[in-house]
Amino acid sequence: KYFSSYDQQIAALRGSKWVYVGNTSFHTSEVQMHALFSQAGRVQRVIMGLNSRMKTPCGFCFVEYMTCESALNAVSMLSGTILDDR
């Protein structure tokens, strides 16, 4: 879904424990993502998008937090963060 403002995006996230992370490096590992996103709260799991043939990261992941508040905190705190030159 497209949101015309940041406030609309934040309102839609209320109640969700999941954060979508796009435009990640193909070289970034699950461990690196977990370490970065743990700064915003307790991470339950990280699910990396993988290339179907090579089984290597393909530029996105999902981060699940233990609480909705941690997910909102991650969006506010880590939006625009650069990791592995992306």
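Residues numbered from 1 in each chain as written. Predicted model: local features only at pLDDT ≥ 70, side-chain atom pairs only at ≥ 80, totals over all residues. Heavy atoms only, no water.

Visitor: Quick rundown of the overall build of the protein chain? Include the residues and the values.
Guide: On a plain count of helices and strands, the protein chain comes out with 3 helices and 3 strands. When the elements of the protein chain are put in sequence order from the N terminus, they spell out α-β-α-β-β-α. Here the C-alpha radius of gyration of the protein chain, 13 Å, is about what a compact globule of 86 residues would show, namely 12 Å. In the protein chain, which comprises 86 residues, the share counted as buried stands at 31%. Considering only intrachain contacts with a sequence separation of at least 6, the fraction spanning at least 24 residues in the protein chain is 65%. The averaged location of the 6 negative side-chain charges in the protein chain is 8 Å from the averaged location of its 8 positive side-chain charges. (Helix = DSSP H or I, 4+ residues; strand = E, 2+ residues; numbered from the N terminus. Rg over C-alpha atoms; globule rule 2.2 N^0.38 Å. Buried < 20%, exposed > 50% of the residue type's maximum accessible area, 1.4 Å probe, protein only. Contact = heavy atoms within 4.5 Å. Lys, Arg positive; Asp, Glu negative; His and termini not counted. Charge placed at Lys NZ, Arg CZ, Asp CG, Glu CD.)

Visitor: Got a sec to walk through the packing of aromatic side chains? Specific residues and values, please.
Guide: Inspection of every chain in the model, using the stated rule, returns 3 aromatic pairs. Measuring from ring centre to ring centre gives 6.0 Å for phenylalanine 60 and phenylalanine 62, while their planes differ by 85°; the resulting arrangement is edge-to-face. Members of the aromatic cluster, each reached through a chain of ring pairs, are Tyr20, Phe60 and Phe62. The lysine or arginine in question, arginine 86, covers the ring of phenylalanine 26, its NZ or CZ lying 5.9 Å from the ring centre. (Phe/Tyr/Trp six-rings, centres within 6.5 Å; stacked < 30°, edge-to-face > 60°. Lys NZ or Arg CZ within 6 Å of the ring centre and 35° of its normal.)

Visitor: Outline the nonpolar core, supporting the account with residue identities and numerical values.
Guide: The biggest cluster of nonpolar side chains holds 19 residues, and the ones touching the most others in it are Phe37, Val63 and Tyr65. Put simply, the parts of the chain that give this core at least two residues each are helix H1 (6-13), strand E1 (18-22), helix H2 (30-37), strand E2 (43-50), strand E3 (57-65) and helix H3 (68-78). With 5 residues, H3 is the single largest residue contributor to this core. The residues touching tyrosine 65, leaving out its near neighbours within four places in the chain, are Lys17, Val19, Phe37, Ala40, Gly41, Arg42, Val43, Gln44, Ser70, Ala71 and Ala74. (Core = buried A, V, L, I, M, F, W, Y, C linked by side-chain atoms within 4.5 Å.)

Visitor: Lay out the pattern of salt bridges with the relevant residues and their values.
Guide: Here the idea is simple: oppositely charged side chains can pair when their charged atoms come close. By the definition in use, this model includes 1 salt bridge. Among the ionic pairs, glutamate 64 bridges to arginine 45, the shortest N-O distance being 2.7 Å. Note that glutamate 64 is positioned in strand E3 and arginine 45 in strand E2, a separation of 19 residues in sequence. For arginine 45, a relative accessible area of 41% puts it in the partly exposed group. (Salt bridge = Lys/Arg side-chain N within 4 Å of Asp/Glu carboxyl O.)

Visitor: Break down the side chain of serine 70 for me, with residues and values.
Guide: Relative to the elements of secondary structure, serine 70 occurs in helix H3. Among the polar contacts listed, one links the side chain of serine 70 to the side chain of threonine 67, at a separation of 2.9 Å. Setting aside anything within four residues of it in sequence, one finds serine 70 in contact with Ala40, Gly41, Arg42 and Tyr65. (Polar contact = N/O pair within 3.5 Å; in protein donor to acceptor, adjacent residues only side chain to side chain.)

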